[in-house]
Structures are given as C-alpha cells and as structure tokens.
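Descriptive analysis of the structure
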Amino acid sequence: MDTIQIITKNEKDRATLKQIFANMGKNVVFSHDLNDALDIFEKARPNAVFMVDEEEPPVNIKLREIQRIAPFIPMVVLLKKRDSSHAIEYMKLGAFDCAHAPWTEEQLRPIVKKALNLSGTTIELEKPDFRKQKIAIFAAATLITILFGFIFGWRYAYNKYHIIPAQQNKMELPYLHPSGIIFNKGQILISDWYTQAIYKHNPTDLKISGVHSFPHITPIALTSNENNLWLANAHGMIEKRLKDDKFTPLSKTKTKARDLSGMCFDGLYFWTADSSDNKLTKHLNNDSLDKLESFKYPGKNISAMTCDTRFIWVADGKLKELVKMPLENPEKVLARKVIKEYSSKTLKITGITKKDEKVWFVAEDKKKGLLFSITENEKNGKSKKP
C-alpha cells in the first residue's frame, strides 16, 4: 500500500485529510512539524509528502529540507487560501503541485495519482539497447575514475608542498534573515528574526536537524555558555534559557541598549554591544545582568560581537574587518583582519561566534541568508596589527 506523509499540526485538517486518503485506500503517516517529519521519514519511507501551509516553519523551509534528504520525492502543498502567487512560488521551490482549500477527494485524487506515478517511475535497465549503453557508461566511468585519481594525487602533492591561503567555508541558508549563531553539543544553532525560530544544523553537512519556534519573540542576537543560552529580542529584552529540547525560559532582563548588536559570555562576565553609541558593556552574570562598566569601541561600527575567555571580536561593517580586542582592555585593538565577503556592498553581518581557530558569521545579502567562516590566523594573510 502506498504511504503518504502529511505534515500538519491542525487536528481538524488531520481528520479531514485522513478520511480523504482512507477513501483512496492510502496509508497515511502524520507529522506535527518539520522535526517530526525528518525523524520519521526514514522509518515511514513515504511515496509522497503533503504539507499544509500557514504553519511553522514556513513551507519554503520544509520543501528545501525534504529535498535535501529525498530530492526526487513528490511534494504537494495544501493551501489554506486560494492564492495563485503562493502556488507559483512553491512550484518554483520544488513543489510537485498545490491544492487549494476546501480539500476534497475529487480534487486530490488526480494529484495523488500523478504524484504516486512519479514516485514509482523507474528506469528499465534491461532494454535491448541499454546493454550497449552500459558498456559505454562503464568505460566512461573508468576514465573519469583515473582522471580524478590523477587530479587528487596532484592536489595532494600541491597542498603538501605549497603554502596556499586557507579557503573560507560558505553556504546559503534555507532562510533569509539569520540573526545569531552558537555551537551547542555537536550542532550549530542559528536564530532567524523573520521566522522567529532557532534552526539546528548538523555541522558536517549543515543540514537542518531541528527547528524551534518562538511565536512571541523576534530574536536579534544569540549567545551561550555550557548550560544556558541567551536570546535577545527586538525590544532589548534578553532571555536566559536552558539548552534543553524546549529551551526552557529561566529569566528575562530589560537592557538599556538602543540597538543591541551582539552579546557574549566570557566565563565570568556577560557582555553586550550597542551599535547606536558604539559601546561594549560588561555586566554581572546574574538574572538582572547588573551593569559594571562600559567601554568605547575603538573601531567604527559594531555589526556583531562575540568573545571567549581572553578576547572580544567585532565584525565592523564600516571598516569591513574583523577587529580583535583584549577583555581586560576592550578599547585597545590587538589585530584587524579583512572580511572578504564585504566585497558585496549589500552584505550585512548579523551574528558571529568563535569556535577553535575559526570565526563563524551569519549574514544577509541580496535577499539571501549566508553562513561563512574564516580562519583567524592563516598561513598567508595573518591578522594585521592596527
């Protein structure tokens, strides 16, 4: 029996769709959200995926993430309202088809039939003329293997005996407005202010492994320590939360920052950055984040900020550089490094974090969300002294 996976948390929609697909004789597996869908995808092995729009995370996120793990599975979007512009947009993003509410068996039956026909399409490997093709394919594959072996050997020798600049990691994110980034227990967590969510990424392939929505928060900055994370909203409120599955809230603190552009924890004190007056402020690490002292940032503009137990780093949007200062004297510049991505005049860095020898950034650029990293001290191109 064909299996259809349906992503929706609305109980009324579930009941309606369950009856429709039961009448068609199809086995239905329901998922509440994208996390649930990704968890059960491998177990259920669906022949097609149907998803209801107007639910978090947005349909474009669901389409992209399901395409990552199953690029050829038919995906159908069930629209709550008749909206041809949304339907066209979803089709461009990879949807097989769209259906407008109210959904009926008569409306969905031909869509289901076409989707399952596509899902079941296979290549006939034993057609009479295919055997000749297999010989040609095998020969071509052999030549390609030899060629790649030669190239790999040449690249290995070149990299071993020549000093070359380290390459920057860079990828386009499947959401458009990232605002903060941290590393947590083998995952990369990135907040997005527009979708009001934190996305959990696998650090090896950067696929989304989970999403947590914050319907009442617009997250503009993110930082953490071993046990907790702090989430700042657009109104200057900083929320301290546990790093559990639900990000359980612990406390809330209103800051006086007019334009909070970053925050971090140095192991002892909590720091905030305000780009409106270019100041770095040190706080006590208590629930009220009591202010200790403020320092004038020695650069031009704080786009984003992070720190560790020794240094503070600032992405400076006017200098177009990564600026490094010591914790004991944040008004002194230790080193500056050009951020090559600023060659795009529309780039806006919104979040920054430090991990081992790399500094990681999230940014917006030309209606795209970006994630990239740079090595702080490269063999060629070390950070320059001010």
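Right above here is the structure, for reference.
A short tour of the structure in this document, coming up. Just so it is clear, the model here is predicted, and its values are computed rather than measured. (Residues numbered from 1 in each chain as written. Predicted model: local features only at pLDDT ≥ 70, side-chain atom pairs only at ≥ 80, totals over all residues. Heavy atoms only, no water.)

Attention now moves to a positive patch on the surface. A contiguous patch of positive charge on the surface is contributed by Lys256, Arg258, Lys279, Lys291 and Lys296. Turning to its location among the elements, Lys291 is positioned in strand E18 (residues 291–296). (Patch = residues over 30% accessible without salt bridge, like charges linked within 9 Å, V, L, I, M, F, W, Y side chains within 5 Å. Areas by Shrake-Rupley, 256 points an atom, 1.4 Å probe, with all protein chains shown as cover. Salt bridge = Lys/Arg side-chain N within 4 Å of Asp/Glu carboxyl O. Lys, Arg positive; Asp, Glu negative; His and termini not counted. Charge placed at Lys NZ, Arg CZ, Asp CG, Glu CD. Helix = DSSP H or I, 4+ residues; strand = E, 2+ residues; numbered from the N terminus.)

Here Glu56 and Pro57 are connected by a cis peptide whose omega angle stands at -10°. Considering the arrangement of structural elements, one finds Pro57 in the loop between strand E3 (48–52) and helix H3 (59–69). Cis geometry is adopted by the peptide bond preceding Pro102, which originates at Ala101 and carries an omega value of 0°. Unlike most non-glycine residues, Arg45 shows phi in positive territory, near 50°. Within the fold, Arg45 resides in the loop between helix H2 (34–44) and E3. On the basis of relative accessible area, Arg45 is assigned to the exposed category, the value being 57%. Residues other than glycine seldom take positive phi values, yet Lys366 does so here, at roughly 50°. As for its position among the elements, Lys366 is in the loop between strand E24 (358–364) and strand E25 (369–375). Taking relative accessible area as the criterion, Lys366 reaches 60% and is therefore assigned exposed. (Buried < 20%, exposed > 50% of the residue type's maximum accessible area, 1.4 Å probe, protein only.)

Gaps left between atoms are located by rolling a probe of water-molecule size over the structure's atoms. Under the criterion given, the structure shown has 3 cavities of 30 Å³ or more. Approximately 60 Å³ is the volume attributed to the largest cavity. Leu222, Gly262, Met305, Gly351 and Ile352 are the residues nearest the centre of the largest cavity, which is lined by 13 residues in total. Its residues placed into classes, the lining of the largest cavity shows 7 nonpolar, 6 polar and no charged. Looking at the second largest cavity, the residues that line it are Trp230, Ile238, Lys240, Ser251, Thr253, Asn285, Asn286, Asp287 and Leu289. Looking at the lining of the second largest cavity, the elements with two or more residues in it are strand E13 (237–242) and strand E14 (249–254). Taken together, the residues of the lining of the second largest cavity sort by class into 3 nonpolar, 4 polar and 2 charged. (1 Å grid on protein atoms, 1.4 Å probe; cavity = no way out; pocket = protein on both sides within 12 Å on 5 of 7 lines; lining within 4 Å. Points joined across faces, edges and corners; volume = space filled by probe spheres on them. Nonpolar A, V, L, I, M, F, W, Y, C, P; charged D, E, K, R; others polar.)

Attention now goes to the nonpolar core. A general tendency of soluble globular proteins is for nonpolar side chains to be buried together. Within the largest apolar cluster, 20 residues are counted, with the highest numbers of intra-cluster contacts made by Ile6, Leu17, Phe21, Phe50, Leu78, Trp103 and Leu108. Mapped by element, the contributors of at least two residues to this core are strand E1 (3–7), helix H1 (11–23), strand E2 (27–31), E3, strand E4 (75–79) and helix H5 (105–119). The biggest single contributor to this core is H5, with 5 residues. Other than its neighbours up to four places away in sequence, Leu108 contacts Leu17, Ile20, Phe21, Met24, Leu78, Ala99 and Trp103. (Core = buried A, V, L, I, M, F, W, Y, C linked by side-chain atoms within 4.5 Å. Contact = heavy atoms within 4.5 Å.)

All right, on to the state of the cysteines then. In the structure shown here, the tally under the stated rule is 1 disulfide. The side chain of Cys264 participates in a disulfide bridge whose partner is Cys307; the two sulfur atoms lie 2.2 Å from each other. Residues Cys264 and Cys307 are joined by a disulfide whose S-S torsion is about 115°; by sign, that bridge is right-handed. Separated by 43 residues along the polypeptide, Cys264 in strand E15 (residues 260–265) and Cys307 in strand E19 (residues 302–307) bring together distant segments of the chain. By relative accessible area, Cys307 is classed as buried at 9%. (Disulfide = S-S within 2.5 Å.)

Time to look at the side chain of Ser179. Along the polypeptide, Ser179 turns up in strand E7 (residues 178–184). When its relative accessible area of 3% is taken as the criterion, Ser179 is described as buried. A distance of 2.7 Å separates a polar atom in the side chain of Ser179 from the backbone oxygen of Pro219. Every residue in contact with Ser179, bar those within four places of it in the chain, is listed here: Ser191, Asp192, Trp193, Pro219, Ile220, Ala221, Thr350, Gly351 and Val362. (Polar contact = N/O pair within 3.5 Å; in protein donor to acceptor, adjacent residues only side chain to side chain.)

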